[in-house]
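# Summary of structural features
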Amino acid sequence: MRVSYKWLQSYFEKKLPEAEKLAELIEMHLAEVESMEKVGDDTVLDIKILPDRACYALCHRGIAGEVAAILGVQRKKFSWPEPPIKKVRKLSVSVEAPELCPCYMARVIENVTPKAQAWAAEHLSAIGQRSINPIVDGANLVMFDMNQPLHAFDADKVEGGIIVRRARKGEKITTLDGKDLALDPDILIIADAKAPLAIAGIKGGKRAEVTAETKNLILEAANFEPSNIRRASDRLGIKTDASKRFESRISPELAAEGMKDFSAYLFEMDKDLSAGEIIDVRHSHILKNVRMSLKPEFVAEKLGIKISEKGIAEILERLGIKAEAAGGGALSVAPPPVRTDLTIAEDIVEEVGRIYGYEKIPAVLPLASKDRLEINKAFYYVERIRGVLADAGFSEIMTSSFTAANASVEVANPLAEDKKFMRPSLSAGLIASLEKNRYHAPLLGLSEIKIFEIGKVFTKEGEKLSLGIAFDFVKNIKNQKQEMEKRLNAASEILSEKLGVKIEPEIDGAVLIIDLDKIISALPEPTEKKETFRPKKVSYKPFSAYPFVLRDIAVFVPEGIDSGEVLAIIKKESGPLLIKERLFDVFKKADKTSYAFNLVFQSYEKTLSDAEVGEIMDRVTKKLNANKGWQVR
């Protein structure tokens with residue numbers, strides 16, 4: 001979320017720390033600050049508010065509350081004059097789906113003259129929002145200030161009252177951005193007596209859009225069921241600032257405050273407007289007040305440091321969380337309504353810890369357990385199988401559990417079109433990996449490919465743990481299929497021998513499939529075994545993102561010349577672009593020996609052209625031919 005430093009400062013009498021220092025404090029106690037940007041005479045902080053705190057912190061007021069708690073300072077108390085109640089047209093509000101709308105508030109505002117508010121447009125511009133018109137700007141301004149999405153309808157375009165209901169099958173709506181959408185009964189809408197006016201909590205409709213000519217308004221401040229908003233938003237493919245907030249379970253109590261602030265903004269813009277009574281339709285059985293008991297000992301157990309009851313209470317009070325002595329050394333804790341994220345005692349402990357400062361909590365190693373640790377059977381044998389196959393020269397791969405192929409288990413909300421199903425077997429991933437490895441075999445220096453994968457597969461019967469082993473030759477050989485099966489069966493026999501259980505695999509072409517759940521269930525429970533782990537010294541280097549170029553070269557040399565002498569010349573003339581070389585053929589003819597090499601060229605900076613590699617090969621050839629008795633074939 002983009003947060004204006006100037007906007008935050010308006011919440012405090014005392015000068016805040018400079019933007020850089022403030023960003024550092026926010027990172028230490030609240031959330032990551034992804035970037036900072038100068039916008040005119042303002043600084044904008046891009047704060048990564050995660051979903052668990054979006055219910056209260058996705059707005060300037062929420063961030064100001066956090067800053068006040070971190071710094072231990074007081075925020076200003078704002079009070080804006082509200083418009084006096086006057087006689088306006090009547091408005092009826094009906095909520096037909098209370099399970100999806102715990103709170104709906106509306107009021108009529110008449111005879112309003114929109115006037116551009118430079119300060120509002122400046123605030124919105126600083127956080128990357130464009131100015132639309134004075135009324136819509138006011139709704140957006142209040143939302144980014146205190147987290148409650150708001151909406152305004154042109155009252156003269158509304159027929160009858162406001163009805164909050166599920167859409168009817170076949171109903172359609174044209175949204176504010178001109179998109180025509182088909183609706184269904186799983187989508188909540190705001191409608192009048194004629195047709196839909198808006199998609200509840202997501203997007204307004206074109207029919208009752210507020211324009212520069214609008215004089216009479218119906219203001220809306222509501223709360224909607226988070227899961228329904230998320231599902232509807234996903235189905236329609238619409239994500240908005242409003243839907244993001246409703247999905248985060250903002251408190252229904254915010255609606256009243258949002259309506260008050262929006263009305264005050266309009267009254268500030270035009271003192272001559274006429275405002276009607278606020279119609280408030282609530283379903284109190286849906287709203288819950290949270291209260292919990294918290295002991296300092298529980299906090300110490302979770303954080304690893306002792307904080308007094310008084311210290312805990314002071315930290316919580318700074319966050320606006322009421323904490324009162326409840327006897328027996330416990331505190332009675334009551335989070336404010338906006339903190340819908342605080343539901344269990346552990347949530348409160350987290351609040352105490354982050355404001356106290358995690359950097360103040362000493363690092364202490366946990367005590368070693370004296371009890372015999374239980375060994376996870378499946379994990380134990382999976383690790384043994386990995387070791388056996390690695391020792392046999394196989395490399396482990398991990399492929400996606402999702403597939404585009406039509407399978408028995410379909411994903412409800414796929415990430416992409418090629419990830420709509422769950423894989424029924426490991427075969428497809430292993431075969432695709434064989435093809436990739438075959439292509440890169442010269443680069444990897446491989447003559448045969450030996451890979452395996454351990455992972456879950458998904459069938460109508462449920463999830464299963466499976467092992468797939470794959471083998472292939474880089475170049476075709478005689479009786480290739482039989483030789484491949486022989487290698488796969490050999491791997492299966494090694495596993496049978498090491499595990500002490502008969503394995504009956506299925507061979508699917510180049511892939512051998514083993515039902516690990518079945519194998520592990522037949523194995524005995526593992527016993528504790530102490531083994532000394534000796535880590536190997538391994539060095540890594542980055543690989544190039546650019547394709548490699550393969551060339552072969554063969555040269556006749558006089559008898560007695562070693563292949564290493566030939567290779568040394570090739571390396572020197574090729575330079576750093578030669579990244580791998582392999583002697584693949586040697587034969588003798590008369591008094592000469594022929595050495596043939598695979599040469600792999602690759603750059604870390606660009607794609608090599610044939611001309612560039614050809615120039616290197618010409619240089620190598622010329623140098624080799626310059627030696628007496630040497631001849632490139």
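Below: a short report on this structure. Note that this is a predicted model, so its numbers are computed, not measured.

### As for helix α19 (residues 610-625)
In a regular helix each residue adds 1.5 Å, so 16 residues correspond to 22 Å; α19 covers 22 Å between its end C-alpha atoms and thus fits that length. When α19 is considered as a whole, its buried residues turn out to be Val-613, Ile-616, Met-617, Val-620 and Leu-624. Here the buried residues of α19 occupy an arc of 95° about the axis, which is enough to place them on one side. In α19, the exposed positions angled more than 90 degrees off the buried face are occupied by Ala-611, Glu-615, Asp-618 and Lys-622. Buried residues belonging to α19 abut β26 (549-558), α18 (563-574), β28 (592-601) and β29 (631-632).

### Concerning the nonpolar core
Counting 97 residues, the largest nonpolar core has Ile-49, Tyr-104, Phe-153, Ile-162 and Leu-266 as the members making the most contacts within it. Among the elements that take part in this core, helix α9 (residues 254-269) stands out by supplying eight residues, more than any other. Ignoring any residue separated from it by four or fewer positions in sequence, one finds Tyr-104 in contact with Val-93, Val-95, Phe-153, Ile-162, Val-164, Ile-190, Glu-220, Ala-221, Ala-222, Ile-279, Asp-280 and Val-281. Grouped together as the second largest cluster of nonpolar side chains are 37 residues, Ala-470, Val-511, Ile-514 and Leu-516 included.

### As for the sheet that holds strand β19 (residues 395-396)
Reading across from one edge, β19-β22-β23-β25-β24 is the order of the five strands in this open sheet, with mixed pairing throughout. Both outer strands of the open sheet, β19 and β24 (506-508), are each paired with one neighbouring strand and no more. Inspection of the sheet shows β24 paired to strand β25 (residues 511-515) by three bridges, in the antiparallel sense. Following the sheet pairing, Asp-508 is matched in β25 by Val-511. Taken strand by strand, helix α13 (residues 377-391) contacts β19, β22 (448-459) and β23 (462-473), and its axis lies near 160° from that of β22. Packing against the sheet, helix α16 (residues 480-499) makes contact with β22, β23, β24 and β25, and its axis sits at approximately 130° to β23.

Rules of the game
Residues numbered from 1 in each chain as written. Predicted model: local features only at pLDDT ≥ 70, side-chain atom pairs only at ≥ 80, totals over all residues. Heavy atoms only, no water. Helix = DSSP H or I, 4+ residues; strand = E, 2+ residues; numbered from the N terminus. Expected span 1.5 Å × (residues − 1). Buried < 20%, exposed > 50% of the residue type's maximum accessible area, 1.4 Å probe, protein only. Arc of directions from axis to C-beta. Contact = heavy atoms within 4.5 Å. Core = buried A, V, L, I, M, F, W, Y, C linked by side-chain atoms within 4.5 Å. Pairing = 2+ DSSP bridges. Axes fitted to C-alpha atoms, helices over the stretch in contact; angles between N-to-C directions.

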